[in-house]
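Per-entry structural report
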Amino acid sequence: MSLGPEASITDETTTPTADAAEERDRGEKAIAGRSLKQIAWRRLKKDKVALAGGIVVIFLIVVAILAPVLTRLWGHPIDEYHVDQIDPTLSTPLGKLGGISRHFLLGVEPTSGRDIFGRILYGAQTSLTVAFLSAFVSTAIGTIFGLAAGFLGGWVDSVISRVMDFLLAFPQLLFAIALVSVLPDTILGLGDRWSRVLVLVGVIGFFGWPYIGRIVRGQTLSLREREFVEASRSLGARSPRILFRELLPNLAAPILVYTTLIIPTNILTEAALSFLGVGIPPPNPSWGGMLSDAVAFYSIDPMYMIIPGGMIFITVLAFNLFGDGLRDALDPKAR
Amino acid sequence: MSENLLEATGVEKHFPITKGLFKRQIGAVRAVDGIDLSIRTGETLGLVGESGSGKSTAGRLFTRILEPTAGTITFEGEDISHKSVTQMRPLRRDVQMIFQDPYSSLNPRHTVGAIISAPLQIQNIPTPNGVKKAVQDLLALVGLNPEHYNRYPHEFSGGQRQRIGIARALALRPKLIIADEPVSALDVSIQAQVVNLMEDLQREFNLTYLFIAHDLSVVRHISDRVAVMYLGKIVEVADRDDLYKNPRHPYTVALMSAVPVPDPVRRDRAQRERVLLTGDVPSPINPPSGCRFRTRCWKAQEICATEEPPLITRLDDPESHLTACHFPVVNDETVAGRRPAATPA
């Protein structure tokens, strides 16, 4: 997925005036070349849809980080019961739209009356932490094994490729359910919420690496035959230099793009696991868990299902749009 | 006669063909199958042959990017045929390579400065005036703007990229440069510039070139001696003028006659005739017995199938040179299969 020279040429011809102006503004550095990073950023800036996705993603990350502050300002603690907000006979929230009001911005839970706003914010923390960390785990393992398989070839490649095939065929959800029921509730003294996050990161990350591994392997196979690798070798470079200085910079674009694209998949997997009851243990909130709770009430209190469902939808959509835009910016040929 | 800088004796490179789960070897591509060649200090040796004849593999064997299956390669009297990567390292300073494709031989993610300074970095060569100055000097040397050191390869044209490749090869001040079809990917007008640059640099730094090409007119322009390869073997070696005037091997004769003459008037006056070879180059997996060219040669006889002709100078022909043929072509011989070029093909 290298950026061909023609890409930069079209880029330069479409914005000649902007280029010239910037070139002048840079003054002393005017003669410095534009790196592929700069070209990609320029292209991404023009892609409004991807930018919108990126802004939503950044907004969600900020919200997740500031969840305790925001909850104190506009919400209520996640495990605080507000029975006064509940209709005692139907056990549905009082008021319209699941009890949305000035005090409860997104309404309250049926039966318990817990504040949905606070629970959504803390749920974002869980979802995004699991999604990002497991994407990181997948990327790290996938890159190392993909590089090894592609660069070393031979039996190493055969073994790694068979392991990837095996993992792709493995029933991930069933394995996760079985694993969670076997493992203790707290690991490494992290408390039950973060121990379970750790387990989810491990499971989702471990089963996700073959996707990245295959892409990295394929790219490495094609890059390995390029003459600049031979040139480096003829200068006396050793394998680590070739791997990390010559090959890895060329793999950065596809790795970045696929990492962005597995994050939404991970969010969905986490939600599915929580929905099935092997996610974050109650009373800690997660979007999948809230959806699961809402199943019992959707006919009488649809808002309780729409809010976490909508959050998952918006988050996944934003990540996907941003990832697609990033791919187009980094590799215009794949469009 | 000057001494030999690089000498190859009986060098072979067979690429194994494997099959099945356990990579059982079922055959081999005999890309280079026993070549003897010497490169003299200060000369330019042209290596020509059609696609698949093993020219590039031979070049990669001489730089030891590939390890020969058999035979020995000596550089300045030192046997380098089976040296390890670490043992080869100091020798890399003396033997450098220029590559064919200026688009794939430069890493698109590195600046020109990083590309040209990589050899200095890898070989730990001190730069008294700083790396930047060293890179800029090299850029100026190959006719590029020294201010462009932090641009990326995609901002240059093919010819400029090839100059960057030459600058990288020159960074270590090598004695021998192996140029693997350095101009075949360039426009004809740019080819001349790059070839002339290489000639200027040769004069300035006393370089020795192995110039691999399939373009006979470029080879004629730059080479002192020319070696002709066919299917992993060297079939003829001679001084440039000698080879172009008196080709002895039938394959060389056919190759020479295929060079286009740009001027139709001259073409008619010279009564130029073409030798048309029929059939394809045989597979290097299963090359013909005896002389490899016999399947396409109009002079082939029984002995050609049984006995491999050695690369020797025949004593019965005063104008002869190293030729691997049982029945070399003599001057003014009427060649069967030769026909006037004017007839429409």
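Everything that follows concerns the structure shown earlier in this document.
Computed from a predicted model, the values in this text were never measured in an experiment.

A closer look at the overall build of chain B
The helix and strand inventory of chain B stands at 11 helices and 13 strands. Relative to a compact globule of 345 residues, whose C-alpha radius of gyration would be 20 Å, chain B shows 22 Å and is just as compact. Expressed along its principal axes, the backbone C-alpha trace of chain B runs to roughly 65 × 60 × 45 Å. A burial count over chain B gives 52% of its 345 residues as buried. Put simply, of all contacts in chain B between residues at least 6 apart along the chain, 65% involve residues at least 24 apart.

Digging into the packing of aromatic side chains
All names here are of chain A. This model, assessed by the stated rule, comprises 10 aromatic pairs over all chains. Seen from their ring centres, F175 and F207 are 5.3 Å apart, and the 65° between their planes marks the pair as edge-to-face. Highlighted residues: F175 in helix α8 (residues 172-182) and F207 in helix α9 (residues 191-224), separated in sequence by 32 residues. Among the residues examined, F175 registers a relative accessible area of 33% and is labelled partly exposed.

What about the interface of chain B and chain A?
In this complex, chain B contributes 35 residues to the contact, which on the side of chain A involves 30 residues. Summing both sides of the interface, chain B and chain A together bury roughly 3,000 Å²; the carbon and sulfur share of this comes to 52%. Per-residue buried area on chain B facing chain A is highest for R109(B), I122(B) and H154(B); these three make up 24% of the total on that side. Linking chain B with chain A are two salt bridges. Residue E230(A) pairs with R60(B) through a salt bridge whose shortest N-O separation is 2.6 Å. Here chain B is connected to chain A by 11 residue pairs in polar contact (both at pLDDT 80 or more). Broken down by secondary-structure element, the contributors of at least two residues to the side of chain B that touches chain A are α2 (85-92), β6 (95-98), α3 (112-122) and α5 (158-170) of chain B. Among the elements that make up the side of chain B that touches chain A, the one with the highest residue count is α3(B) (four residues). When its residues are assigned to classes, the side of chain B that touches chain A shows 12 nonpolar, 13 polar and 10 charged.

Observations concerning empty space enclosed by the protein
By rolling a water-sized probe across the atoms, one finds the places where empty space is left. As enumerated under the stated definition, the model contains four cavities of 30 Å³ or more in all. Considered as a void within the structure, the largest cavity measures approximately 90 Å³ in volume. At the level of secondary structure, the elements contributing two or more residues to the lining of the largest cavity comprise α10 (227-234) and α11 (239-275) of chain A together with α3 of chain B. Counting residues per element, the lining of the largest cavity draws most heavily on α3(B), at four residues. Here the residues of the lining of the largest cavity are counted per class, giving seven nonpolar, two polar and four charged. Of the voids in this model, the second largest cavity is the one considered here, and its volume is about 60 Å³.

Reading the values: rules and limits
Residues numbered from 1 in each chain as written. Chains lettered and ligands numbered in written order. Predicted model: local features only at pLDDT ≥ 70, side-chain atom pairs only at ≥ 80, totals over all residues. Heavy atoms only, no water. Helix = DSSP H or I, 4+ residues; strand = E, 2+ residues; numbered from the N terminus. Rg over C-alpha atoms; globule rule 2.2 N^0.38 Å. Buried < 20%, exposed > 50% of the residue type's maximum accessible area, 1.4 Å probe, protein only. Contact = heavy atoms within 4.5 Å. Phe/Tyr/Trp six-rings, centres within 6.5 Å; stacked < 30°, edge-to-face > 60°. Buried area = accessible area lost by both parts, 1.4 Å probe. Salt bridge = Lys/Arg side-chain N within 4 Å of Asp/Glu carboxyl O. Polar contact = N/O pair within 3.5 Å; in protein donor to acceptor, adjacent residues only side chain to side chain. Nonpolar A, V, L, I, M, F, W, Y, C, P; charged D, E, K, R; others polar. 1 Å grid on protein atoms, 1.4 Å probe; cavity = no way out; pocket = protein on both sides within 12 Å on 5 of 7 lines; lining within 4 Å. Points joined across faces, edges and corners; volume = space filled by probe spheres on them.

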